[in-house]
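Breakdown of the fold
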Amino acid sequence: MWDTEIRGMASAHAIIASSVFMATILPAILLEKFSVYGMHLVWLYSVAGSVAVVNIAVFWLLGISPPTKRHTLSYKISRLVRSCLYFLLSCLFFHTVVVLYGAPLLESALETFSLAVLLSSMTTLRCLCMLGPNVQAWIRVFSRDGAMSVWDTSLQITTGCSVLGAWLGAFPIPLDWDRPWQVWPISCTLGTTVGFLTGLLLAPVWIHCHRKQLIYKSK
């Protein structure tokens, strides 16, 4: 059972990771003089949108998303509206945190909010896909020994790596190197993306190596 779940996770993560590379390659083909630095917001939203669409599709096809107990149209619409609201609140939360950590309050506000959208696409959206708009389930997963499945553990790892990558990406910005990737928030978005990809790779490897020590509570 362990090997099957880990292989399924590795395949899903490979598909999601490939969406990041496709979101980088396609603009380079379709747009003249495209570069990650020169047209950074285009690249950022291309990656965020691609990750969002592929995450939703993969988790829905694998049946990882929480089951819908009610099948009425009104309940599904309510669930969708709450998910969109949670995602928006997540963007505002990350935007506020980034500003509190020193990002410009008014200057480059669009760039700061775009970083928040990217962070939400690589963290909150995965929570919504796997756990639904259920704050209690989110708190449970990110509490100590709260994981109930390998997917919960992978969510912990990818979320932690994404946030850590964004934080580490801020370190080169104040250095007097005059590099194009030091413009706000390029290094942070690159750090977020690299952290996310690292988490996708690390999660199945870490779970496989520690599968004998992992004990999950029944739901």
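Quick note: structure is the one above.
The sections below set out a description of the structure shown in this document. All of these numbers come straight from a predicted model, not from anything done at the bench.

What counts, and at which threshold
Residues numbered from 1 in each chain as written. Predicted model: local features only at pLDDT ≥ 70, side-chain atom pairs only at ≥ 80, totals over all residues. Heavy atoms only, no water. Helix = DSSP H or I, 4+ residues; strand = E, 2+ residues; numbered from the N terminus. Rg over C-alpha atoms; globule rule 2.2 N^0.38 Å. Buried < 20%, exposed > 50% of the residue type's maximum accessible area, 1.4 Å probe, protein only. Contact = heavy atoms within 4.5 Å. Areas by Shrake-Rupley, 256 points an atom, 1.4 Å probe, with all protein chains shown as cover. Lys, Arg positive; Asp, Glu negative; His and termini not counted. Charge placed at Lys NZ, Arg CZ, Asp CG, Glu CD. Salt bridge = Lys/Arg side-chain N within 4 Å of Asp/Glu carboxyl O. Polar contact = N/O pair within 3.5 Å; in protein donor to acceptor, adjacent residues only side chain to side chain.

Looking only at helices and strands, one finds eight helices and zero strands in the protein. The C-alpha radius of gyration computed for the protein amounts to 18 Å, which stays within 12% of the reference 17 Å derived for 219 residues, consistent with globular compactness. Taking all 219 residues of the protein together, the buried fraction comes to 43%. A separation of at least 24 residues holds for 72% of the contacts in the protein among residues at least 6 apart in sequence. Just so you have it, the protein exposes about 12,400 Å², and 69% of that area is on carbon and sulfur atoms. Taking the 15 positively charged and 9 negatively charged side chains of the protein as two groups, their mean positions are separated by 18 Å.

Looking at the secondary structure, you find Gly-49 in helix 2 (residues 40-62). Along the sequence, Gly-49 and Leu-118 sit 69 residues apart, while their C-alpha atoms lie 8.7 Å from each other.

The next subject is the pattern of salt bridges. Within the structure shown, the criterion is met by one salt bridge. Across the pair Arg-140 and Asp-152 runs a salt bridge whose closest N-O atoms are separated by 2.7 Å. Highlighted residues: Arg-140 in helix 6 (residues 135-141) and Asp-152 in helix 7 (residues 150-169), separated in sequence by 12 residues. Arg-140 sits in the partly exposed class, given a relative accessible area of 23%.

When you line up the elements, His-95 lands in helix 3 (residues 73-100). Here Phe-113 takes part through its backbone nitrogen, which lies 3.3 Å from a polar atom of the side chain of His-95. Sequence-distant contacts of His-95, that is, excluding residues within four places in its chain, are made with Ala-109, Thr-112, Phe-113 and Ala-116.

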